[in-house]
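Each chain, written out:
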Amino acid sequence: MSSTADEVPERREARLQARLSEASSHDDDEPLYAMPHELSVALDESQSPILRWSSSSSPGPRDMLRTWVGSAESCGMKATQEDRHAVVQLPEGSYVAVFDGHNGPRAAEYGKRMLHRHLGANPDHAAWTRAFEACDKELLTSGIVDGSTALAALVTGSAVTVANCGDSRAVLGSARKAVRLTQDHKPDVAGEKARIEAAGGTVAFRGVWRLAVQESPVMLAVSRALGDRQLKTLKAPRNQVL
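Residues numbered from 1 in each chain as written. Predicted model: local features only at pLDDT ≥ 70, side-chain atom pairs only at ≥ 80, totals over all residues. Heavy atoms only, no water.

Colleague: Sorry, what's going on with the overall build of the protein chain here?
Modeller: Across its full length, the protein chain carries five helices and 13 strands. Across the protein chain, the fraction of contacts at a sequence separation of at least 24, relative to all contacts at a separation of at least 6, is 53%. Here the protein chain has roughly 13,700 Å² of accessible surface; of this, 52% comes from carbon and sulfur atoms. (Helix = DSSP H or I, 4+ residues; strand = E, 2+ residues; numbered from the N terminus. Contact = heavy atoms within 4.5 Å. Areas by Shrake-Rupley, 256 points an atom, 1.4 Å probe, with all protein chains shown as cover.)

What follows is the structure in structure tokens.
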């Protein structure tokens, strides 16, 4: 029995196109279509976007975007999988998110389950900020000590809203070009470095640029994250090292 990876490229492409055609016939009233796992992995292997959206040729009353979502994961060199992803159909639209955990999986799992619950109806920029801050505050008081990046997108009508903390990145494929939608939060970025140092932290190169605080042996290669209680205090979020 041959696997997806063993197929002749032409045969695999034909099979994927058949599956995509089948997906395109899905009920237009249901904007979220979750692809089978086999197809999701194949899409990632062929370097296609994990999240793809496009306007329908015959828009409905709400001018909804058809959203296809696929996912793939790899544990890499770690003993356990610390990353999580979420796909949720909200009243406002299709919500997808990725959480890249570090020092454990619990913060990523918490973000997966809770971040979208803090958004509320028709979230604006301020609502996204409140959602991230609320999720972070809950993590800091929960006893969970590990942390996670967060990258979330909400597809509503003909608009896509993207929010992030950390270095998980959103990229839009448009006219055969890759367009970055988010800014990586790294310790060596000028604005991030200034905030870290103003809050009493330091930035040093240890293989990559990392932030640190005197009270903790932990050094992180991101400058914003959910959780990471060892690196945070009860200061306001914008005055934190991390």
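Colleague: Teacher, can you tell me more about helix α4 (residues 125-140) here?
Modeller: Structurally, the α-helix is built with 3.6 residues per turn, so residues lying three or four positions apart point the same way. With 16 residues, α4 extends 23 Å between its outermost C-alpha atoms, agreeing within 8% with the 22 Å of an ideal straight helix rising 1.5 Å per residue. Where the residues of α4 are buried, they touch β5 (93-102), α3 (106-114), β7 (150-156), β8 (159-165) and β13 (226-227). The N-terminus of α4 is capped by Asp124, whose side-chain oxygen sits 3.3 Å from the backbone nitrogen of Ala126. (Expected span 1.5 Å × (residues − 1). Polar contact = N/O pair within 3.5 Å; in protein donor to acceptor, adjacent residues only side chain to side chain.)

Colleague: In this structure, what is going on with the pairing of strand β9 (residues 171-174)? I would like to understand it.
Modeller: Each regular strand displays side chains that alternate between the two surfaces of the sheet. Two elements, β9 and strand β10 (residues 177-180), share four bridges in a ladder whose sense is antiparallel. What sits directly across from Gly173, in β10, is Ala178. The hairpin turn running from β9 into β10, its antiparallel successor, is two residues long, and Ala175 in that turn takes a positive phi close to 50°. (Pairing = 2+ DSSP bridges.)

Colleague: Is there a simple way to think about the nonpolar core in this case?
Modeller: Side chains of nonpolar character tend, in soluble globular proteins, to be buried together. Core analysis: the biggest nonpolar cluster contains 21 residues, and Tyr95, Phe99, Leu115, Trp128, Phe132 and Leu226 have the highest contact counts within it. At the level of elements, β4 (83-90), β5, α3, α4, β7 and β8 are the ones that each hand at least two residues to this core. For this core, the element with the highest residue contribution is α4, accounting for five residues. Here Leu115 is in contact with Tyr95, Phe99, Tyr110, Ala131, Phe132, Cys135 and Ala152, once residues within four sequence places are set aside. With twelve residues, the next largest nonpolar core counts Ile196, Ala199, Val213 and Leu220 among its residues. (Core = buried A, V, L, I, M, F, W, Y, C linked by side-chain atoms within 4.5 Å. Buried < 20%, exposed > 50% of the residue type's maximum accessible area, 1.4 Å probe, protein only.)

By themselves, these figures tell us nothing about what the structure is for.
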